[in-house]
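# Residue-level structural notes
Listed here are the chains, written in short residue letters.
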Amino acid sequence: MSKQIVLVGRSNVGKSTLFKQLTGKWVKVGRRPGVTVSPGRAQKGNILYVDMPGYGYMHRVPKKVQEGTKDFIVRYMEENRDEILLAIQVIDAASFLEIADRWEGKGEVPVEIEMWEFLKDLELNPVLAANKMDRVINQDQVLDWIVERLGMEPPWTGWTGVIAPISAKTGQIEPLRKIIQSRL
Ligand SMILES: Nc1nc2c(ncn2[C@@H]2O[C@H](COP(=O)(O)OP(=O)(O)OP(=O)(O)O)[C@@H](O)[C@H]2O)c(=O)[nH]1
Ligand SMILES: [Mg+2]
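A brief structural summary. (Residues numbered from 1 in each chain as written. Chains lettered and ligands numbered in written order. Predicted model: local features only at pLDDT ≥ 70, side-chain atom pairs only at ≥ 80, totals over all residues.)

## Concerning the site of ligand 1
Within the structure, ligand 1 sits among 24 residues, and Gly-14, Ser-16, Thr-36, Gly-54 and Lys-169 are positioned closest to it. Here the shell around ligand 1 is composed, by residue class, of six nonpolar, 12 polar and six charged. (Near = placed C-beta within 6 Å. Nonpolar A, V, L, I, M, F, W, Y, C, P; charged D, E, K, R; others polar.)

Listed below in structure tokens is the structure:
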């Protein structure tokens with residue numbers, strides 16, 4: 001059985017765009033959350049890349065289905081744990097902090113932080129792909145805040161084996177390729 005590299009993350013963060021860059025396989029991407037509804041797969045060498053549906057808000061998708069998606073991802077990660085070579089959690093670096101603040105303001109654990117903790121608890125050694133960096137102005141500061149929020153001590157430059165600032169849309173994904181290479 002092939003080892004897997006699995007992309008997870010909230011809806012609309014750019015997982016499928018990144019999947020295309022990594023595999024060359026065409027999948028649907030879109031401006032609205034909820035584009036990917038079942039896992040996309042592409043075999044590359046002896047690695048199977050898996051593009052998961054996004055959790056969180058999905059456009060025109062019933063609430064029940066939205067919650068089911070997160071359960072599906074959790075179950076998938078648990079059941080395939082031994083086959084997963086690398087779990088890549090993709091975030092939209094341009095909106096991550098604002099969304100985390102909003103959840104915490106409501107007294108809830110932000111869903112992306114919860115997912116990160118879950119992947120760590122499964123001992124999957126997750127990698128964080130901080131995507132949409134082309135939209136981030138104060139890059140170093142924002143990355144420092146993001147790693148801190150996820151329980152790592154800033155500066156982010158001390159975590160280059162764990163966090164990869166990228167822009168999937170413009171094809172600037174070298175930091176992530178480096179991490180993948182180092183984990184193979
Ligand atoms: N500015 C910018 N936009 C991006 C980047 N990567 C993806 N996008 C855009 O973000 C939107 C969502 O991209 P998708 O790849 O479909 O996102 P997804 O995470 O697969 O979404 P779901 O399948 O709904 O979970 C699209 O409009 C992409 O063009 C990026 O690096 N920068
Ligand atoms: Mg998608």
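From this point, the narrative continues.
## A word on the pairing of strand E3 (residues 47-51)
Taken across its five residues, E3 has four buried, putting it largely inside the fold. Taken together, the five bridges between strand E1 (residues 3-9) and E3 define a ladder with parallel strand orientation. Across the sheet, the residue bridging to Val-6 is Val-50, located in E3. Pairing analysis gives five bridges linking strand E2 (residues 40-44) to E3, with the strands arranged antiparallel. Pairing of Gln-43 across the sheet is with Leu-48, part of E3. (Buried ≥ 20, exposed ≤ 12 C-beta atoms within 10 Å, placed from the backbone. Helix = DSSP H or I, 4+ residues; strand = E, 2+ residues; numbered from the N terminus. Pairing = 2+ DSSP bridges.)

## Comments concerning the nonpolar core
Of all hydrophobic cores here, the largest spans 44 residues; its most connected members are Val-6, Leu-7, Ala-129 and Ala-130. Looking at this core element by element, the count peaks at five residues for strand E4 (residues 84-92). Val-6 has contacts with Val-50, Met-52, Ile-84, Ala-87 and Ile-88, leaving out every residue within four places of it along the chain. (Core = buried A, V, L, I, M, F, W, Y, C linked by C-beta atoms within 7 Å. Contact = placed C-beta atoms within 7 Å.)

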